[in-house]
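Below are the chains, spelled out letter by letter.
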Amino acid sequence: MSVRRPAQRRRHCALAALVALPALVALPVLATACGYGSKAPEDRGGPAAAGGSKVGGLDEVKVGYFGNVTHATALVGLRDGGEIPRELGGTKASTQVFNAGPAAIEALNAKAVDMAWVGPSPSVNGFTRSGGKSLRIVAGATSGGASLVVNPEKVRSLGDLEGKRIATPQLGNTQDVALLDFLAGKGLRVSPDTGKGDVSVLRQDNKEIPTTFRQGGIDGAWVPEPTASTIVAGGGKVLLNEKKLWKHGEFVTTNLVVRQEFLKKHPEAVEAVVRGSVRANAWIREHPDEAKKHINTALERDSGKPLPEDVLDSSFDDIDVTDDPLAATLAEEAEHGVETGLMKKADLRGIYDLSILNRVLKGEGRPAVDDAGLGS
């Protein structure tokens, strides 16, 4: 896939990868009482096992995800009686909720989770910082669902961003990379580690960004759903839907990753989660209205309140659930991180292991997906 960029900034698809320069981005650390990175994960315990024998004799699989509509696969598939617990049988799915990808990758490195739904930039960063030994991407989840939303009274056009304050969910997360890359394409310089420059980039918890916007602390935000639609409901305007930057409007937003050690020791459990994810995605596509209800139930459980109907509808309409991890777009997003100065170029070969996914897809009578030459 290729990105449509301003004429002054041409893109060359490269199978490059990244490793973070700032020590703050996705550092592998041990789990502590203080949590991971700037935000402690929330342990929700997971749904009860669906019954039957344990997959590979394993008592539990520890999985992580975000309380975002872009994580619809997890929000729907992990529900009580959902497709993932059903495939796991007597093996429990224990869940933890994260705010952004770097924190989830830290938890994965610390073995606090075995598998996680995360964005492409943290996935690449975790892989490269470990010398290709920490994780594998084993399936896709969603495409789309990210936008630059602004206060229309302060930001009237894409040429009006200089001097403004724009928020992202976390230093080095997928939307943070996307924003810095876009600003660079406009000739606007921003320090990748401090966020200071021609535009002030503020890294803030997704849950807090709409409040900061409402109080006038920021002029806009590049955020995933439902944060983008929440800001719009509060008076904001979508200045740029990220789909417009990508050919066919497709770009990876969420992957399913697994610790390599866990994949090697428990391939049956990984296959059960992947099969459950594929079947959850199929169910979401076939039952969108019911899927939205399950998503909102999960968001209420994880955040304490459901989304307003208009925000839920807008958020859901902006995503596409997909089993295909859209590997070519991950390679290009990796290049963007290099060009922004957030990360260093490195070898991405081996970041994907789609053998289990393709076996599951074959069993479902569906075609295999491609790893863009980045498979193990």
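Before going into details, it helps to say that this report is about the structure given with it. Quantities reported herein were computed from a predicted structural model and do not represent experimental measurements. (Residues numbered from 1 in each chain as written. Predicted model: local features only at pLDDT ≥ 70, side-chain atom pairs only at ≥ 80, totals over all residues. Heavy atoms only, no water.)

1. Thoughts on the overall build of the protein chain
Point 1. Helix and strand counts for the protein chain come out as 13 helices and 14 strands.
Point 2. Here the protein chain holds 376 residues, and the buried ones make up 60% of them.
Point 3. When the accessible surface of the protein chain is split by element, carbon and sulfur atoms take 49% of a total near 14,600 Å². (Helix = DSSP H or I, 4+ residues; strand = E, 2+ residues; numbered from the N terminus. Buried < 20%, exposed > 50% of the residue type's maximum accessible area, 1.4 Å probe, protein only. Areas by Shrake-Rupley, 256 points an atom, 1.4 Å probe, with all protein chains shown as cover.)

2. A look at the pairing of strand β6 (residues 135–144)
Point 1. The buried fraction of β6 is high, at 10 of 10 residues.
Point 2. One ladder, built from 7 bridges, connects β6 with strand β12 (residues 252–259); its direction is antiparallel. Paired with Ile137 across the two strands is Val257, which belongs to β12.
Point 3. As defined by bridge partners, β6 adjoins strand β13 (residues 319–321) across 3 bridges and the pair is classed as antiparallel. Residue pairing in the sheet places Thr142 in a bridge with Val321 of β13. (Pairing = 2+ DSSP bridges.)

3. A few points about helix α12 (residues 327–340)
Point 1. Under the 1.5 Å per step criterion, the end-to-end length of α12 is 20 Å for 14 residues, consistent within 8% with the ideal 20 Å.
Point 2. A large share of α12 lies buried, amounting to 11 of its 14 residues.
Point 3. Listed as buried for α12 are Ala327, Thr329, Leu330, Ala331, Glu332, Glu333, Ala334, Glu335, His336, Gly337 and Thr340.
Point 4. Of the residues trailing α12, Gly341 is marked for its positive phi of about 90°. (Expected span 1.5 Å × (residues − 1).)

4. Regarding the layout of surface pockets
Point 1. There is about 630 Å³ of room inside the largest pocket.
Point 2. Forming the boundary of the largest pocket are 29 residues, of which Lys207, Pro210, Thr230, Lys305 and Leu307 lie nearest the centre.
Point 3. Elements with a contribution of two residues or more to the lining of the largest pocket: β4 (92–98), α6 (209–214), α7 (227–233) and α10 (288–303).
Point 4. Partitioning the lining of the largest pocket into residue classes produces 13 nonpolar, 9 polar and 7 charged. (1 Å grid on protein atoms, 1.4 Å probe; cavity = no way out; pocket = protein on both sides within 12 Å on 5 of 7 lines; lining within 4 Å. Points joined across faces, edges and corners; volume = space filled by probe spheres on them. Nonpolar A, V, L, I, M, F, W, Y, C, P; charged D, E, K, R; others polar.)

5. Re unusual backbone geometry
Point 1. Between Glu225 and Pro226 the backbone carries a cis peptide bond, its omega angle lying at 15°.
Point 2. Mapped onto the elements, Pro226 comes out in the loop between β10 (220–224) and α7.
Point 3. The backbone of His248 shows a phi angle near 65°, a positive value even though the residue is not glycine.
Point 4. Here His248 lies in the loop between β11 (237–241) and β12.

6. Thoughts on the pattern of salt bridges
Point 1. Enumeration according to the criterion identifies 23 salt bridges in this entry.
Point 2. A salt bridge links Lys265 to Glu261, with the nearest nitrogen and oxygen atoms 3.0 Å apart. Of the two residues, Lys265 and Glu261 are both situated in helix α8 (residues 260–265); the distance of 4 residues between them amounts to about one turn of the helix.
Point 3. A salt bridge links Arg359 to Glu271, with the shortest nitrogen-to-oxygen separation between them at 3.0 Å. Remark: Glu271 occurs in helix α9 (residues 267–286) and Arg359 occurs in helix α13 (residues 355–363); sequence separation between them is 88 residues.
Point 4. For Arg359, a relative accessible area of 45% puts it in the partly exposed group. (Salt bridge = Lys/Arg side-chain N within 4 Å of Asp/Glu carboxyl O.)

7. Here we look at empty space enclosed by the protein
Point 1. Inspection of every chain in the model, using the stated rule, returns 2 cavities of 30 Å³ or more.
Point 2. When its volume is computed, the largest cavity comes out at roughly 100 Å³.
Point 3. In this structure, the largest cavity is lined by 17 residues; those nearest its centre are Phe66, Gly119, Asn173, Thr174 and Gln175.
Point 4. Where the lining of the largest cavity is concerned, the elements lending two or more residues are α5 (174–185) and β12.
Point 5. The residue makeup of the lining of the largest cavity, split by class, is 5 nonpolar, 12 polar and no charged.

8. Examining the environment of Glu83
Point 1. Here Glu83 shows up in helix α2 (residues 83–88).
Point 2. Assessed through its relative accessible area of 5%, Glu83 is described here as buried.
Point 3. Distance in space between the C-alpha atoms of Glu83 and Thr73 is 9.8 Å, their sequence separation being 10 residues.
Point 4. Excluding its chain neighbours within four sequence positions, the residues that come into contact with Glu83 are Val76, Gly77, Gly276, Arg279, Ala280 and Trp283. (Contact = heavy atoms within 4.5 Å.)

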